[in-house]
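Reading the structure
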Amino acid sequence: MSSDAIKETISQNVEQWDWENPPMPPTDLIFDDGEPLESNRHRIAMNVLIRSLQQAWGDSPNSDSFASRNDFFTGGNMFVYYNSAQARNRDFRGPDFFVVLDVDGTIPRQGWVVWDEGGRYPDVIVELMSPSTAEVDTTTKKDIYERVFKTRNYFVFDPFNPASLQGWRLDDNLRYQLIAPDERGWLWCQTLGFWLGTWEGTIDRETAVWLRFYDDSGNLILLPEEAAQAKAEEERQQAEQEKQRAEQERQRAEQERQKAEQEKQRADRLAEQLRTLGINPEV
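Scope of this entry: the structure provided in the associated data block. Treat the numbers as computed from the prediction; the structure is a model and nothing was measured.

1. Some details on unusual backbone geometry
The backbone of Asn77 shows a phi angle near 50°, a positive value even though the residue is not glycine. Examined against the element boundaries, Asn77 turns out to sit in the loop between β1 (72-75) and β2 (80-81). Positioned with a positive phi, Leu174 is a non-glycine residue whose angle comes to about 60°. Mapping Leu174 onto the fold places it in the loop between β7 (161-170) and β8 (176-178).

Below you can see the structure in the form of structure tokens.
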């Protein structure tokens, strides 16, 4: 669907909303329109955000830096159904990445259906832009996330343009205010308590500048495989340190043995000298 068509259908739906006499929500929802993401890099970028947040907060043996929690749901490239007209028209695919807090994260979901979730909307959204979607992402979608979803933090980033990161926060008047970057170019996501910033490296065999989470101290939030590698490296270093300590203990023991041997040899020489002089060393 073209950008103009998306704008028109979303605008029509906003005008048609009637929450005082809402129609019954449809039950024949679909959760896959068969449309792939813009590129393989977009797919990886989406999964990086999802998997790193799950790693940070999820029930993982490698998430020692943060408390394990199940009170959140994070997804990407999933339908978000929020009103009957939009659902019937099947005109809104949903955010590339989103997080909903204070919900049961253990429930499997094919998509996010607002009327089945107690009226809960995403608390944080990230759209991964491309030249064909940038205008809609920063205007029409931004407007609906502000006015309808009331999403507390909204960010956009083009995986092919490292300088494209922008973000907004919902103020006390429920209006988006631009988030000022820090000296690193990172944006603070108050809702999650993490920074969003760029990181250059290779993920899934593709080298690029990726959008990543950082904790409040500036430490990179690791992916599961990165956390496993870091843990393995930490264990290797601990084993090496233990090996070095054991070697030091062995060397100290050897030094003590040699010292005792030297003392014994000196005592034996002295005793021999005394016997040579006709003196019994044992007297």
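2. Some remarks on the packing of aromatic side chains
What the rule picks out here adds up to 17 aromatic pairs. The interplanar angle of 25° and the centroid separation of 6.3 Å between the aromatic rings of Tyr154 and Tyr176 together place this pair among those described as stacked. Taken together, the positions of Tyr154 in strand β6 (residues 153-158) and Tyr176 in strand β8 put the pair 22 residues apart, joining distant regions of the chain. As far as the burial class goes, Tyr154 and Tyr176 line up, both buried. Grouping aromatic residues by their ring pairs yields a cluster made of Tyr82, Tyr121, Tyr145, Phe149, Tyr154, Trp168 and Tyr176. One residue, Arg69, lies across the ring of Trp57, its end atom 3.9 Å from the ring centre. Seen from the ring of Trp199, Arg212 lies directly overhead, with NZ or CZ sitting 4.7 Å from the centre.

3. Considerations on the pattern of salt bridges
Overall, the coordinates contain 19 salt bridges when judged by the stated rule. Here Glu127 makes a salt bridge to Lys141, at a shortest N to O gap of 3.6 Å. Placement of the pair is Glu127 in strand β5 (residues 124-128) and Lys141 in helix α5 (residues 140-149), with a sequence separation of 14 residues. Of the two residues examined, Glu127 and Lys141, each falls in the buried class.

4. What about the pairing of β6?
When you tally the buried positions in β6, you get six out of six residues, the bulk of the element. Of the two faces of β6, the one lined by Asn153, Phe155 and Phe157 and the one lined by Tyr154, Val156 and Asp158 are each fully buried. Of the strand pairs in this sheet, β5 and β6 are connected by five bridges, and their pairing is parallel. Of the residues in β6, the one forming a bridge with Val124 is Asn153. As defined by bridge partners, β6 adjoins β7 across five bridges and the pair is classed as antiparallel.

5. Looking at the sheet that holds strand β10 (residues 194-203)
Pairing in this open sheet of three strands is antiparallel, and the strands run β9-β10-β11 from one edge to the other. Two strands lie at the open edges of the sheet, namely β9 (187-189) and β11 (206-214), each paired on one side alone. Adjacent strand axes in the sheet meet at a mean angle of 45° when their direction is disregarded. Judged from the nine bridges that link them, β10 and β11 form a sheet pairing that is antiparallel. Of the residues in β11, the one forming a bridge with Gly201 is Ala208.

6. What to know about the sheet that holds β8
Taken in spatial order, the six strands line up as β1-β3-β5-β6-β7-β8 in an open sheet, and their pairing is mixed. The sheet terminates laterally at β1 and β8, the two strands that pair on one side only. The average undirected angle you get between the axes of adjacent strands in this sheet is 15°. As paired strands, β1 and strand β3 (residues 97-101) are joined by four bridges and run antiparallel to one another. Paired with Phe73 across the strands is Val100, a residue of β3. Those strands touched by helix α2 (residues 40-57) are β1, β3 and β5, and its axis lies near 165° from that of β1. Relative to β5, α5 is tilted by about 170°, and along the sheet it contacts β5, β6, β7 and β8.

Calculation criteria
Residues numbered from 1 in each chain as written. Predicted model: local features only at pLDDT ≥ 70, side-chain atom pairs only at ≥ 80, totals over all residues. Heavy atoms only, no water. Helix = DSSP H or I, 4+ residues; strand = E, 2+ residues; numbered from the N terminus. Phe/Tyr/Trp six-rings, centres within 6.5 Å; stacked < 30°, edge-to-face > 60°. Buried < 20%, exposed > 50% of the residue type's maximum accessible area, 1.4 Å probe, protein only. Lys NZ or Arg CZ within 6 Å of the ring centre and 35° of its normal. Salt bridge = Lys/Arg side-chain N within 4 Å of Asp/Glu carboxyl O. Pairing = 2+ DSSP bridges. Axes fitted to C-alpha atoms, helices over the stretch in contact; angles between N-to-C directions. Contact = heavy atoms within 4.5 Å.

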